[in-house]
Amino acid sequence: MANHQKDFLFVLIKSLSKSEKRQFKIFASRLETSSNTKFIELFNILDKSENYDEKLILKSGSIKKVQLSNLKSYLYKQVLVSIRLNIPSQNVRYQLREQMDFAGILYNKGLYRQSLKILDKTKIQAMEHDEKYMAYEIVEFEKLIESQYITRSIQGRADELVVQAKELNYRNTISSKLSNLSLQLYGIMLKTGYVKNDEEYRYIDDYFQKHISKFDENKFGFREKYWFYNANLWRSFLVQDFLASYKYAYKWVNLFYDNPNMIYQNPVFFLKGNHYFLESLYMLKYKSNFKKYLNLLEETINDPKFPVNDNVASLSFLYLYNNKLNLHILEASFEESEYLIPEILEKIKIHNEHLDEHHEMMFYYKIACIYFGNEKYNESIFYLEKIINNKNLSMREDLMCFSRILCLIVHYELGKDYYLENQLKNTYKFLLKMNDLHEVQKEIIKFLKNLNNFYPSDIKKEFIKMRERFIELEKNTYEKRAFLYLDIISWLESKIDNRKIADIIREKGKLNSR
């Protein structure tokens, strides 16, 4: 789980790699005459501590309470400066920013032509890498210098800069509007969840069309296209249009594969696009393409040119292994997937500073599904209870809901009637508090609640009746997503035919093979 320590300096120091700590100590030794200075001592104390403890710092004797606040601020700044000096040279944004700083230094020294020369070269580089915000900033700087009539530049230079400023401002405005729309749609998702009826669908669609109707995709550059696809994808997710989400996630991913230099410049956008694309393929149960693009994603991540930092490494783990589990669930290759579980648990420990609780719990839910598919019910309960018993968890209610429902089914499979009755009561209380209760969830609870009241000879008939009811619900646009969390229909069919659920899912997969 993500580190919840509130002291920013402590969290920053704990995030440093061994090489970054070594570089900081070399850097710090140049600032002071002695390695035993107070701020280096503070660094060493925090580096060795498991938790932030002010008493332990003051116990050292060399640091007084009145000094601590200023000392921490100074150390925080110096750690950031040290990191900044050692950023890899292939990071284009830092290179551009550095050149702009150099141009500013030359301008302040009155070396205007040298400043303009650097700005012109940097502007070309910014445009080549689609860094239009920086390019616009450079043009504004050039205008500032030229407007002072100190260079006597060639005729037409003013017109050239005005045209560039207008074009860049236009492009940046489009990107800004599209990114705003994308963020607003994401905010709606967090606030109200997926649409649940035609009225909510029309509201989202009208809202979206109102903000996007004036844009023409054919006139866009890379960044405008990225935000256009991003906004369309969130609209598709909100209205649960899986085909549209596939369409725009596919465009997003191929935008990067068609511009490979952008993969290395914007690895986070690339990773997120692949995750949404694979999620869309999972929702459509498009196994062949899922496997193809999952392998392509893994190859790209393992490419030596792919950027490496804490954030990218954690996201790579999250999206790659999440989708590896999804592939096994899609194929019902539950037994073959168990090798991944210890690997995932170990990587969760490695990346726990950068993973939020929701994503960690998603891993536990999928691990529980793997064990359920393998009929290892006790192991499934172990991971489901990690979710259910997490009182501090702030996560989507649907994950908590289906964790509880799957736990009920597992207890039924184990024949634990007493536990099942208790679980039913607790789950029913939880569902009553939910804001986003779907018909599928209501039907599952009602069915499980009545299971013990059926005569043994009638149970099979009841399973058949429920299967027909769920098949109808699965056709409903606003209910079908629930079946992606829990394949209740395949479970019912396994009980009706007295077969393993894995065999049922695999058989269906062959019938719908693509």
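To be clear, the structure that these remarks concern was listed above.
Residues numbered from 1 in each chain as written. Predicted model: local features only at pLDDT ≥ 70, side-chain atom pairs only at ≥ 80, totals over all residues. Heavy atoms only, no water.

**Some remarks on the overall build of the protein chain**
- Regarding its fold elements, the protein chain presents 27 helices and 0 strands.
- Within the protein chain, the proportion of its 514 residues that are buried is 49%.
- The long-range share in the protein chain, meaning contacts at least 24 apart out of those at least 6 apart in sequence, stands at 67%.
- Total accessible area on the protein chain is roughly 27,400 Å²; 51% of this is exposed by carbon and sulfur atoms. (Helix = DSSP H or I, 4+ residues; strand = E, 2+ residues; numbered from the N terminus. Buried < 20%, exposed > 50% of the residue type's maximum accessible area, 1.4 Å probe, protein only. Contact = heavy atoms within 4.5 Å. Areas by Shrake-Rupley, 256 points an atom, 1.4 Å probe, with all protein chains shown as cover.)

**Details of the nonpolar core**
- By size, the foremost hydrophobic cluster in this structure holds 124 residues, and its most contacted members are Leu271, Ile344, Tyr365, Phe470, Ile488 and Trp491.
- The contact partners of Trp491, leaving out residues within four places of it in the chain, are Phe372, Ile409, Tyr412, Glu413, Phe447, Phe463 and Ile501.
- Counting residues in hydrophobic clusters, the runner-up holds 21 residues, among them Ile40, Ile45, Ile63 and Val79. (Core = buried A, V, L, I, M, F, W, Y, C linked by side-chain atoms within 4.5 Å.)

**Quick notes on empty space enclosed by the protein**
- Counted by the stated rule, this structure contains 1 cavity of 30 Å³ or more.
- By volume, the largest cavity amounts to about 110 Å³.
- What lines the largest cavity is a set of 12 residues, among which Tyr194, Asp398, His438, Arg481 and Ala482 lie closest to the centre.
- Listing elements by their share of the lining of the largest cavity, those giving two or more residues are α21 (397-414) and α25 (482-485). (1 Å grid on protein atoms, 1.4 Å probe; cavity = no way out; pocket = protein on both sides within 12 Å on 5 of 7 lines; lining within 4 Å. Points joined across faces, edges and corners; volume = space filled by probe spheres on them.)

**Focus: the packing of aromatic side chains**
- Summed over all chains, the structure comprises 44 aromatic pairs.
- The interplanar angle of 40° and the centroid separation of 6.5 Å between the aromatic rings of Tyr229 and Tyr248 together place this pair among those described as tilted. Note that Tyr229 is positioned in helix α11 (residues 222-238) and Tyr248 in helix α12 (residues 242-257), a separation of 19 residues in sequence.
- When its relative accessible area of 5% is taken as the criterion, Tyr229 is described as buried.
- Lys324 extends its terminal NZ or CZ atom over the ring of Tyr321, reaching a point 4.6 Å from the ring centre. (Phe/Tyr/Trp six-rings, centres within 6.5 Å; stacked < 30°, edge-to-face > 60°. Lys NZ or Arg CZ within 6 Å of the ring centre and 35° of its normal.)

**Focus on the environment of Asn476**
- With respect to the element layout, Asn476 can be found in the loop between α24 (459-474) and α25.
- Spatially, the C-alpha atom of Asn476 lies 32 Å from that of Lys386, the residues being 90 residues apart in sequence.
- Polar side-chain contacts of Asn476 include one of 2.8 Å to the backbone nitrogen of Tyr478. (Polar contact = N/O pair within 3.5 Å; in protein donor to acceptor, adjacent residues only side chain to side chain.)

**Digging into the pattern of salt bridges**
- For the structure on display, the rule yields 35 salt bridges.
- Linking Glu131 and Arg223 is a salt bridge whose minimum nitrogen-to-oxygen distance equals 3.6 Å. Within this pair, whereas Glu131 is found in the loop between α7 (112-128) and α8 (132-146), its partner Arg223 is found in helix α11, the two being separated by 92 residues in sequence. Of the two residues examined, Glu131 and Arg223, each falls in the buried class.
- Notably, a salt bridge pairs Lys143 with Glu140, separated by 3.0 Å at the nearest N-O pair. (Salt bridge = Lys/Arg side-chain N within 4 Å of Asp/Glu carboxyl O.)

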